[in-house]
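Below are the chains, spelled out letter by letter.
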Amino acid sequence: MRTRTRRRLLTACLAIGLIAGGGLVANTATAAPRITTPEQFFGFKLGAEGRLAKWADMVRYYKLVADKSEKVLYQELGKTATDKPFPMLTVSSPANLANLDRIKQINRRLADPRGLTEAQARRLADEGKPIYLLEAAIHSTEVGTAQVIPNILHRLADEKSTSVDEILDNIVLFIIPAQSPDGTEWVGDYFNETAGTSYARTYPDLYQKYIGHDDNRDWFMFTQPETKLSVAWQNEWKPQVVQNLHQMGSGNARIFIPPYLSPNDPNIDPITVQQTNALGMEMSRSLTAEGKKGVTWGSTYDYWTPSRQYMTYHGAPRILVEAASARDLAYTYTSSSGGPIGPQEPDTNFIEPYDQSSWSLAQIVDYLDTTVFAGLSNVAKYRSEWLFNFYRTQRNAVSPGSDKPFGYVIPAGQRDPFATYEMLTVLRTGDVEIEQATAPFTANGKRYDAGSYVIRYAQPYGRFAKTLLEVQRYPDLREYPGGPPQSPYDVTAQTLPMLLGVTVNTVAAPFTASTTQVRDVRPAAPPFPGQPGNRGAYLVDPESYGTAMFIAALQKAGAHTLRATAAFDGHAPGTLIVEPSAAARTALREVSRRTGIPVHGVSQAPRVAAERLKDNTRVGLFRGVNNIPGGWMKWLFEQNGLPFTEVVAGDFAGDLNAKFDTIVLPAGISRNDIVNGLNRDRYPAEWSWAFGVGEEGWAELRSFVTDGGTLIAIGDSVATARTLANLPIAPALPGDEHEFYSPGSILSQRFDTTDPVAWGMRPDTPVWFGEDDQAYNVTGGDVVSSFPESGEQLQSGWLIGGSHLNGKANVVKHEVGEGLIVTFGSEPTFRTWSRDPSKLLFNAIYHGPSTTVAPAASPAALLGN
């Protein structure tokens, strides 16, 4: 948890929370339990010192409760990234469970209020039941969030009390007991298996197959199965509240609850923001009433990026709850000073400091439990108001406003049809309505062809479309006047047209167009050429980032492939020139069908200077333990069909050149990660792949390059490559955040598009630039891309001190011995959001191992001669 706190907060938020809810209704007497308690089932009280219930056992318990209780349903929504079940629990009164179809029907009607009068909406709100989604174990090492769910479930299923009855009668609660089931299993099993040993107790690697902690940074690109399942459910049920259970650092406040720290994304409806504040304050009130101290709000966590809060653009508050963590997952954390833990100065948003020197897993479970029942009680008590306010937010969404655009036009004939397809797929997955023009039309004085796409703002989820399609202007917030920047909790930009390379025009004034509704997004269907003949060739232009899929498929098919190093006959440098074989034709046709990228055929293979791609290029991706950028890259490689091998410690014992042509160091790989790795005394032998390679392995990596290999270093891993080969580059940016700060923004760039690494790029393609990225002064090597010499460096997001970037290098190519090192100062594939610049990475992967072909020899080279 960051300790920064924004003091300039509206005390009205506090008043809203206190007015909005009463406390939990006192319980009446209850009979003896009819359903096995968690303590009876697991053999210990959840939250007990040094004990964690295993995921498999928790699932068995959920099924048991659902079998025994008429108030609980268990289902599996689908499969995780490792093909394991993704469970969901539904909890409500028997009458509500029998009436779920009608409850869902009402919610869906309120979510799209077009044609609905206010009186009709009020009647539906009076009849309906709010949907409350509770998500736990989003981050698997935040173990208290999973351990509390059996307690919550048992109380709702078994307790006879007025407070529980009110909840069950007035709410339908859906529980995702683990947003990351795989990681919850891995973390819990590892913890239990290492009990009584000298090994570290925390699972050391990614706790989702690909993206680990970033599994809740996937809420607008929708890459992972778990994300897609949750989003599909939200699109179906239209919840009024989504509560996310998390844990944070151990040493500050005991729990965070909204209101959030500034800023709010202006695309979130004001009613949603106020309901977030009110419900958060009700939870804070309940914690304080129960004597639970150390509660903070308006600190650390903001309400900005859609990557963490899909629901807020769909009418539901996101109630983020972050409890402080214990030691080693399940052991009591004790203050090193012996005094109370955390800040001791009260403030408006920190009423009662925590006054104890220890903090346990049992307290985490207890605090989280209080927030859940406070939230449920409030929504149950004000059931119809929650539903009617949901209607109001959606009524605002479908109502055009003078301060909002009329809509967006995506012109037909885009440079990259695959990027267009992927962007439209993102929008449809987010329930955005898309239309396609059936005839030419004019908007804002510009003519658009038939086939252009139209997205109107006045629709139920136009807010989601707007936050993804517009340029972000993050406010210049400081810790105090003249002070350092107040750090965003995550990033500040998400402008999809820039990240994907799609032209999207914002249209302010109303216009008319003849359109048809797009229900299912499909790739373009360009005609596929006939057989070009034995002397001919297939051609694929390099502009799309989907070109990487063609190369991967051709490599698998064993098809000889060239890349033109000069323009010819209207085709740009980097164009693929492919042998006219049956295997190549099959591979090209399949990728064209999946991407919508056209393939051309010529009866005579062009005589043009070219590079011949090495057959079966052997690509290695360095696997760093718990390396999130590498996990994202692994997913990206698999999506592109790229054959690759993960490079692990054992590979360094032999000749790296005998195994790999290109090795990629994702961001976050330091010299220490390579040389020392995991401490072999602290982890079992199964983690030997992550043990250090020693100085001998470090020397072998250098020999790999000097003996002809290609090494690609990305982001802060450039420092590793710089040390390895004494590269002639030096960091150019100030380390002081007062002078330079780019907390995840999209910046200007200039590319040498004749360089093989930049083939297919536009000369001014913008790039992602994060806090750990760097620009360089260069005294050697070939600069592939750099920042403009002058002018505005910021394209979207927030940037302080952009002039420090002027003229500095980003992507640089270095010849080292017989090999090549390509350094990327910024991540070209950040979280796979940045897709247009991903061409740079794939170009570099294949460029290094390729061989030069003279124009006269290029036709023969296609035949393998």
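Residues numbered from 1 in each chain as written. Predicted model: local features only at pLDDT ≥ 70, side-chain atom pairs only at ≥ 80, totals over all residues. Heavy atoms only, no water.

## Here's the deal with the nonpolar core
Side chains of nonpolar character tend, in soluble globular proteins, to be buried together.
For step 1, the next point in the chain: In terms of nonpolar packing, the biggest core is built from 112 residues, with F637 and I845 touching the most fellow members.
For step 2, the next point in the chain: Ranked by residues supplied to this core, first place goes to helix α18 (residues 547–557) with seven residues.
For step 3, the next point in the chain: Discounting residues that sit within four places of it in the chain, F637 has contacts with V619, L621, L642, F644, V664, L841, F842 and I845.
For step 4, the next point in the chain: Formed by 77 residues, the second largest nonpolar core is a distinct cluster that contains Y132, I319, W359 and I364. (Core = buried A, V, L, I, M, F, W, Y, C linked by side-chain atoms within 4.5 Å. Buried < 20%, exposed > 50% of the residue type's maximum accessible area, 1.4 Å probe, protein only. Helix = DSSP H or I, 4+ residues; strand = E, 2+ residues; numbered from the N terminus. Contact = heavy atoms within 4.5 Å.)

## What to know about helix α24 (residues 838–847)
For step 1, the next point in the chain: Counting buried residues along α24, 10 of its 10 residues qualify, which places the element largely inside the surrounding structure.
For step 2, the next point in the chain: Within the sequence span of α24, burial applies to S838, K839, L840, L841, F842, N843, A844, I845, Y846 and H847.

## With respect to the packing of aromatic side chains
For step 1, the next point in the chain: The full count for this structure, using the stated rule, is 42 aromatic pairs.
For step 2, the next point in the chain: An aromatic cluster of at least three residues, connected via ring pairs, comprises W186, Y190, Y203, W687 and W689.
For step 3, the next point in the chain: Positioned above the aromatic ring of W698 is the side chain of R671, whose terminal nitrogen or guanidinium carbon lies 4.8 Å from the ring centre. (Phe/Tyr/Trp six-rings, centres within 6.5 Å; stacked < 30°, edge-to-face > 60°. Lys NZ or Arg CZ within 6 Å of the ring centre and 35° of its normal.)

## Notes on the environment of D218
For step 1, the next point in the chain: Looking at the element boundaries, D218 is found in the loop between α10 (181–193) and α11 (225–237).
For step 2, the next point in the chain: The sequence separation of D218 and S307 amounts to 89 residues, and the corresponding C-alpha distance is 5.5 Å.

## Brief notes about the pattern of salt bridges
For step 1, the next point in the chain: Taken as a whole, this structure holds 38 salt bridges when the rule is applied.
For step 2, the next point in the chain: Where R623 meets D205, a salt bridge forms, and the shortest distance between an N and an O atom there is 2.8 Å. Taken together, the positions of R623 in the loop between β25 (619–622) and α20 (628–639) and D205 in the loop between α10 and α11 put the pair 418 residues apart, joining distant regions of the chain.
For step 3, the next point in the chain: Two residues, K614 and D661, come together in a salt bridge whose shortest N-O distance is 2.6 Å. With K614 in the loop between β24 (610–612) and β25 and D661 in the loop between β26 (645–647) and β27 (662–665), the pair connects residues that are 47 residues apart, well separated along the chain. (Salt bridge = Lys/Arg side-chain N within 4 Å of Asp/Glu carboxyl O.)

## Here's the deal with the pairing of β27
On a regular strand, one side chain projects to one face of the sheet and the next to the other, so that they alternate.
For step 1, the next point in the chain: Neither face of β27 is left uncovered, since the one carrying T662 and V664 and the one carrying I663 and L665 both have all their residues buried.
For step 2, the next point in the chain: Looking at chain direction, β25 and β27 are connected through three bridges and run parallel. Its bridge partner lying in β27, V619 is registered against T662.
For step 3, the next point in the chain: In the sheet, β27 pairs with strand β28 (residues 710–714) via four bridges, with the strands oriented parallel. Counterpart to V664 in the pairing with β28 is I712. (Pairing = 2+ DSSP bridges.)

## Details of helix α12 (residues 270–289)
For step 1, the next point in the chain: The end-to-end C-alpha separation of α12 is 28 Å, in line with the 28 Å expected for 20 residues at 1.5 Å each.
For step 2, the next point in the chain: At the N-terminal boundary of α12, the capping side chain belongs to D269, with an oxygen 2.8 Å from the backbone nitrogen of I271.
For step 3, the next point in the chain: Looking one or two residues past α12, G291 carries a phi angle of roughly 80°, positive in sign. (Expected span 1.5 Å × (residues − 1). Polar contact = N/O pair within 3.5 Å; in protein donor to acceptor, adjacent residues only side chain to side chain.)

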